[in-house]
Protein chains: 2
Amino acid sequence: MTPLHMESGSLADGRQILYYSNEPAGGRAAYADKRDLGERVSAGEIRYDRLRDEWVAVSAGRSGRPQLPVACPLCPSRDGELTEVPAPDYEVAVFENRFPSFGGFAEPGPLAPTEIGPEMEVAAPASGRCEVVVFSDDHDSSLVDLSPERVALVVRAQAQRTADLYARGDVAQVFCFENRGVEIGVTLHHPHGQIYGYPYTTPQTRKYLDAAKRHKAATGRDLFDDIIASESRSDRVIAENDHWIAFTPFAARWPFEVQVYPKARFADLTELPDEYIDSFAPLYLDLLKRCDAAYPGEPMPYMSGWHQAPIGADREFGRLRLELVSIRRGPGRVKFLASSESVMGGWVHDLGPEASAAILKGAL
Amino acid sequence: MTPLHMESGSLADGRQILYYSNEPAGGRAAYADKRDLGERVSAGEIRYDRLRDEWVAVSAGRSGRPQLPVACPLCPSRDGELTEVPAPDYEVAVFENRFPSFGGFAEPGPLAPTEIGPEMEVAAPASGRCEVVVFSDDHDSSLVDLSPERVALVVRAQAQRTADLYARGDVAQVFCFENRGVEIGVTLHHPHGQIYGYPYTTPQTRKYLDAAKRHKAATGRDLFDDIIASESRSDRVIAENDHWIAFTPFAARWPFEVQVYPKARFADLTELPDEYIDSFAPLYLDLLKRCDAAYPGEPMPYMSGWHQAPIGADREFGRLRLELVSIRRGPGRVKFLASSESVMGGWVHDLGPEASAAILKGAL
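What you see is a predicted model; the values in this text were computed from it and never measured.

Q: Looking at this model, I keep getting lost on the state of the cysteines. Mind explaining?
A: One way to say it: the disulfide is the covalent bond shared by the sulfur atoms of two cysteines. Residue and element names in this part refer to chain A. For the structure on display, the rule yields zero disulfides over all chains. Cysteine C75 is unpaired, with the sulfur of C72 as its nearest cysteine sulfur at 3.9 Å. What makes C75 buried here is its relative accessible area of 12%.

Right, here's the structure in full:
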């Protein structure tokens, strides 16, 4: 069992901060946050979109969040420069988002209603929790530059955060993700990811669960097993080791899209064995290096996150996997999701999944 | 009955071009396209995404399409500068897209299969049709600058295109839309829109149809009637006249989002009476002016399109309406759809629908 060290402290407005480390470390949580942050910012509400049968969060407080602030709030605090992280150094730091889309209330709220009444305007508190996960105290680094041990530590922290968030009672689904690149609007360049604890099962996840249920009913088999078996025989496999396989799927929709599956079934990160985490790290770093090498001099903007089974209904049909997608579609060119994709859900892949996979396969 | 004049001609690679006008005009279709375009470019295939139960188009040929070419291909052809429009002037011109996501084959193909077999990789030809709709021969204009009569002509052309595309047999749903603004990747600034004739019912439309079916079964009422009644009592109504109402919906997801409904039920543009088209034009121009005035000096980038009922199953639950959305979320700021929205479908509205509607209401 790989040791995971954790300390928990508080920020000036009451938000929790957690320090995770591979090395035993003591005392980081004892550093006080000396800022005057005023009242804590809470999320707003979720509203039911009856036309789409989906929840939408309304979070007007987020409009005040920083746009590339001068001082980086994710760096360790130094004399005269106080940040979101009071300690003078850290390996991985996690803290509640100051401008949350979900949560931030005094007490955990309820999950989103699953039965909707006849009234036309249905709303509920935007329960849940939003966290920031800082991958390193080195501002100028990037996840792809970190060691496999650090990447594994990030995943272990994500797993423990998932367990903690599912234990709250106001989180239906946990999503651990990273947005990277100004091309997709990232406002802080310090290497970091985020965790959203949604008070509802997200719309995309409901689609996967429904598809897996239908497949089981029609064939008696597990949909994800069948997908992995089919994709592993394709020419779209980017990387593979004993425990993991990474491929661009047959019906990819993003110019670059890679699905990374553990070869055994786990519902979420909390079930992932240590050896899977340890073997994920080098495979994922290899994938990130391929992404950055695809168009030399242009690090790939990407969105990457873990699909995890929700805690509630149909959890048995969920399957842990990572999805990495990019809008990069050529040198200096990005794909914009315009009317067909954004309004109708009609996606067009301009490169072709095989050509896109070939670029990543040949990038190193 | 407002007269609609139309002439049909051909481009050098066999694509159809149509000239629509309010004024009787003859002879535009007689101008020959003198370019050497080589072989016609056809769309590729659609692939079935089993995880999402959706079709995705794979159209590698589109990678060659122009990125802000030096000479505008939508201007009328002039001596020495040959464009996509051979005539020396026009009111509204429509032609098949040279780099189509759907169609372009020698013969109309089949609709997408509605029954999916057990094989893991299911594909079909990307049947259908993609058209470009040029709103004016004035390159430096914009839809918002045109007369109500011209806007009505555009809608009449869209209605006739919808009828023609539904008559082909390889189009399940017609989507008439406009993308405007470099912020959303528009490569040609000449005022124009597009029409996609999909060989399948789009995923968003299936959601609306399912929701309307459920609502009918649960309440006996029409979902859209109930939405219009509820929204018309809200403080999110932007504009209204005898035939139309425009509002930001209760559960809006885009920073700016306006739904424009005819007050009576029509399945698609082909059913829209003349007086509705005539009264749509000034209301829509008022809405566009409000959008452009919201942040002075920053014309709003937007995506705007007509939701139309598909031709096949559940057509009776569809309802014609226009949706206009924008990623603008403040002066010089746009919303990026990052991991939560793009990967999980978890939307967060940063402004709040009421605040967003208030900006548009107060903009003029």
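Having seen the structure, we can now continue with the description.
Q: Teacher, can you tell me more about the relation of the copies chain A and chain B here?
A: Its rotation angle being 180 degrees, the transformation that places chain A on chain B also includes 0.0 Å of axial translation and leaves an RMSD of 0.0 Å. Interpreted geometrically, this transformation is the action of a two-fold axis. Looking at the interface residues of chain A, 100% of them are also at the interface in chain B, so both copies use one shared face.

Q: Any chance you could explain the pairing of strand 11 (residues 244–247) of chain B here in plain terms?
A: Working note: regular strand, side chains alternate between the two faces of the sheet. All names here are of chain B. Where burial is concerned, the two faces of strand 11 agree: the one with W244 and A246 and the one with I245 and F247 are both buried. Linking strand 10 (residues 237–240) to strand 11, which pair antiparallel, is a turn of three residues. Pairing between strand 11 and strand 12 (residues 256–262): four bridges, direction antiparallel. Its bridge partner lying in strand 12, W244 is registered against P262.

Q: Would you take a moment to explain the pattern of salt bridges for this structure?
A: Should their charged atoms come close, side chains of opposite charge can pair. Residues and elements named next belong to chain A. Applying the stated criterion across every chain yields a total of 76 salt bridges over all chains. Two residues, E131 and R129, come together in a salt bridge whose shortest N-O distance is 2.8 Å. Each member of the pair, E131 together with R129, is buried. The closest approach of N and O atoms between R315 and D268, which form a salt bridge, is 2.9 Å. Taken together, the positions of R315 in the loop between strand 13 (302–307) and strand 14 (321–326) and D268 in the loop between strand 12 (256–262) and helix 4 (274–294) put the pair 47 residues apart, joining distant regions of the chain. Side by side, R315 and D268 carry an identical accessibility label, which is buried. Here the salt bridges do not stand alone but share partners, grouping R40, E96, R129, E131, R161 and D164 into one network.

Q: For this particular structure, what's the right way to read the domain arrangement of chain A?
A: By convention, interface size is frequently given as the accessible area that disappears when the constituent parts associate. All names here are of chain A. Domains assigned within chain A are domain 1 (5–200) and domain 2 (204–361). Between domain 1 and domain 2, the residue contacts involve 28 residues of the former and 32 residues of the latter. At the boundary of domain 1 with domain 2, total buried surface from both sides reaches about 2500 Å², with 59% on carbon and sulfur atoms. We note a salt bridge from D278 to R156, for which the minimum N-O separation is 3.1 Å. At the junction of domain 1 and domain 2, the tally comes to 17 residue pairs in polar contact (both at pLDDT 80 or more).

Q: Quick question: what am I supposed to make of the interface of chain A and chain B here?
A: Of the residues lining the interface, 83 residues belong to chain A; the matching set on chain B comes to 83 residues. Taken together, chain A and chain B are joined by 14 salt bridges. Among the ionic pairs, R52 of chain B bridges to E323 of chain A, the shortest N-O distance being 3.7 Å. If you look at where chain A meets chain B, you find 30 residue pairs in polar contact (both at pLDDT 80 or more). Counting residues per element, the side of chain A that touches chain B draws most heavily on helix 2 (residues 203–219) of chain A, which supplies eight residues. Class assignment for the residues of the side of chain A that touches chain B results in 39 nonpolar, 22 polar and 22 charged.

What counts and how
Residues numbered from 1 in each chain as written. Chains lettered and ligands numbered in written order. Predicted model: local features only at pLDDT ≥ 70, side-chain atom pairs only at ≥ 80, totals over all residues. Heavy atoms only, no water. Disulfide = S-S within 2.5 Å. Buried < 20%, exposed > 50% of the residue type's maximum accessible area, 1.4 Å probe, protein only. Least-squares fit on C-alpha atoms with pLDDT ≥ 70 in both. Contact = heavy atoms within 4.5 Å. Helix = DSSP H or I, 4+ residues; strand = E, 2+ residues; numbered from the N terminus. Pairing = 2+ DSSP bridges. Salt bridge = Lys/Arg side-chain N within 4 Å of Asp/Glu carboxyl O. Domains from an automatic or database assignment. Buried area = accessible area lost by both parts, 1.4 Å probe. Polar contact = N/O pair within 3.5 Å; in protein donor to acceptor, adjacent residues only side chain to side chain. Nonpolar A, V, L, I, M, F, W, Y, C, P; charged D, E, K, R; others polar.

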